[in-house]
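# Coordinates in review
Next come the chains, spelled out residue by residue.
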Amino acid sequence: MTTELQVRQLTENEIHVPLSMAMEEGWNPGLEDGPAFFSADPTGYFAGEIDGKLVNVISGVRYGNGYGFIGLYICKREFRTKGYGHQIWHHAMSYLGTRVIGLDAVNEQTASYAEHGFKSIYRNIRQIGTSTCDTPMDPRIAPLGRGIFPSIRDYDQRFFPAEREDFLKRWTDPMSETRKGFAFVEDGIVMGYGVIRQCHEGFKIGPLFADTPEIADTLFRALAGQVKGQFVILDTPEPNAAALLLAEKYELSPEFETFRMYRGKAPELPLDQMFGITTFELG
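What comes next concerns the included structure. As the structure is a prediction and not an experimental result, all values here were calculated from the model. (Residues numbered from 1 in each chain as written. Predicted model: local features only at pLDDT ≥ 70, side-chain atom pairs only at ≥ 80, totals over all residues. Heavy atoms only, no water.)

### Looking at the overall build of the chain
When you go through the chain residue by residue, the secondary structure sums to eight helices and 13 strands. At 19 Å, the chain has a C-alpha radius of gyration in line with the 19 Å of a compact globule built from 283 residues. Viewed in the frame of its principal axes, the chain has a C-alpha envelope of about 65 × 35 × 35 Å. By residue count, 54% of the 283 residues in the chain fall in the buried class. Across the chain, every contact between residues at least 6 apart in sequence was considered, and the portion connecting residues at least 24 apart equals 76%. Accessible area for the chain stands at about 12800 Å²; split by element, carbon and sulfur atoms hold 49% of it. Side chains of the chain carry 28 positive and 38 negative charges; the gap between the two charge centres is 2 Å. (Helix = DSSP H or I, 4+ residues; strand = E, 2+ residues; numbered from the N terminus. Rg over C-alpha atoms; globule rule 2.2 N^0.38 Å. Buried < 20%, exposed > 50% of the residue type's maximum accessible area, 1.4 Å probe, protein only. Contact = heavy atoms within 4.5 Å. Areas by Shrake-Rupley, 256 points an atom, 1.4 Å probe, with all protein chains shown as cover. Lys, Arg positive; Asp, Glu negative; His and termini not counted. Charge placed at Lys NZ, Arg CZ, Asp CG, Glu CD.)

Below is the structure:
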């Protein structure tokens, strides 16, 4: 019997493992997050084991050649404070190499990440409430589908530090039974889009990207209107004052926060047009 941690890649059939652990931690992932997460980087999910027994998990997702994101960093409670977390952390960081790396950290962990070269850039605030919205009758709102996907992919590149086409194809899949997306299109030009997905508790809206607060408002009503009377969640970047006002307008209340941290030069993103981030796990 050994106490040495063995780290290995998770397969596509095992992507449910870190998501199940995330659910147990109260992170409330989406019901169909697994396939989209895995498509972002099929070799970026890791498990630590001792004698074949699962100890911890982590994701280190590569986006292109210059960016990566750490998430799903979870250790089973009985194995905490034994150094196993540091081992799988270093494995994921080595996998990402010299890339700029992002992560979302709870406040009590920011000092620990700072020791590894990460700097806090801004705060994300999780806003929660019951949808009271009716879907707007606006001809500029179009359901996401395969025909519009190239325009969504191109629009999304303004809001993310690297290309993530494979992920977006799964995230915006029009055939999904647990998620729905809309774009705001005027004169043939995409000016915003958003996705709402069913989670283990309620529904998360993310991303919610829009050129203006008015467009974000229209998209929010279209998304939240799909689940009127249900619990909705929106993760707002604090630097976007209009996003905070949007949440307040629809009676969403702050419940939880993370700090977006980067190792390396922080990407310059249009935060004033980011009304809801995609996901804490993948950025």
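Having seen it, we continue.
### Concerning the pattern of salt bridges
All told, the structure shown has 20 salt bridges when counted by the stated rule. D235 serves as the salt-bridge partner of R126, at 2.7 Å between the closest nitrogen and oxygen. With R126 in strand 6 (residues 118-130) and D235 in strand 11 (residues 231-237), this pair connects stretches of sequence that are 109 residues apart. The burial state of R126 is the same as that of D235; both residues are buried. Of the charged contacts in the structure, one is a salt bridge between D138 and R140, with a shortest N-O distance of 2.9 Å. One connected set of salt bridges, linked through shared partners, spans R153, D154, E165 and K169. (Salt bridge = Lys/Arg side-chain N within 4 Å of Asp/Glu carboxyl O.)

### With respect to helix 5 (residues 149-156)
Residues of helix 5 that are buried: F149, I152, Y155 and D156. All buried residues of helix 5 fall inside an arc of 125° around its axis, so they share one side. Elements that come into contact with the buried residues of helix 5 comprise helix 6 (165-171), strand 8 (179-186), strand 9 (189-198) and strand 10 (203-210). (Arc of directions from axis to C-beta.)

### So, the layout of surface pockets
Its boundaries defined by the atoms lining it, the largest pocket holds a volume of some 1200 Å³. If you go around the largest pocket, you meet 40 residues; those closest to its centre are W27, Y73, V106, Q109 and Y113. Looking at the lining of the largest pocket, the elements with two or more residues in it are strand 4 (67-75), helix 3 (84-96), strand 5 (100-105), helix 4 (110-114), strand 6, strand 11 and strand 12 (253-263). The leading source of residues in the lining of the largest pocket is strand 4, at six residues. Across the lining of the largest pocket, the residue classes tally to 18 nonpolar, twelve polar and ten charged. (1 Å grid on protein atoms, 1.4 Å probe; cavity = no way out; pocket = protein on both sides within 12 Å on 5 of 7 lines; lining within 4 Å. Points joined across faces, edges and corners; volume = space filled by probe spheres on them. Nonpolar A, V, L, I, M, F, W, Y, C, P; charged D, E, K, R; others polar.)

### Here's the deal with the nonpolar core
Core analysis: the largest hydrophobic core is formed by 41 residues, its most contacted members being F37, Y45, Y63, F167, Y193 and L282. Breaking this core down by element, the ones donating at least two residues are helix 1 (16-24), helix 2 (33-40), strand 2 (45-50), strand 3 (53-63), strand 4, helix 5, helix 6 and strand 9. (Core = buried A, V, L, I, M, F, W, Y, C linked by side-chain atoms within 4.5 Å.)

### So, helix 8 (residues 241-249)
Considered for burial, the residues of helix 8 that qualify are A243, L246 and A247. One side of helix 8 holds all its buried residues, which, seen down the axis, span an arc of 95°. Across helix 8 from its buried face, at more than 90 degrees, point the exposed residues L245, E248 and K249. At its buried positions, helix 8 is contacted by strand 6, strand 10, helix 7 (213-224), strand 11 and strand 13 (274-276). A side-chain oxygen of the first residue of helix 8 lies 3.1 Å from the backbone nitrogen of A242; this N-cap is N240. Looking at the residues trailing helix 8, positive phi occurs at E251, about 60°. (Polar contact = N/O pair within 3.5 Å; in protein donor to acceptor, adjacent residues only side chain to side chain.)

### Overview of the pairing of strand 4
Within strand 4, eight of the nine residues are buried, which leaves it mostly tucked inside the rest of the structure. Two elements, strand 3 and strand 4, share seven bridges in a ladder whose sense is antiparallel. Bridge pairing in strand 4 places V61 opposite F69. Where strand 3 hands over to strand 4, the hairpin turn is made up of three residues, of which G64 adopts a positive phi near 60°. One crossover worth recording links strand 4 to the parallel strand 5 by way of helix 3, and it is right-handed. (Pairing = 2+ DSSP bridges. Right-handed = clockwise from strand over helix to strand, strands pointing away.)

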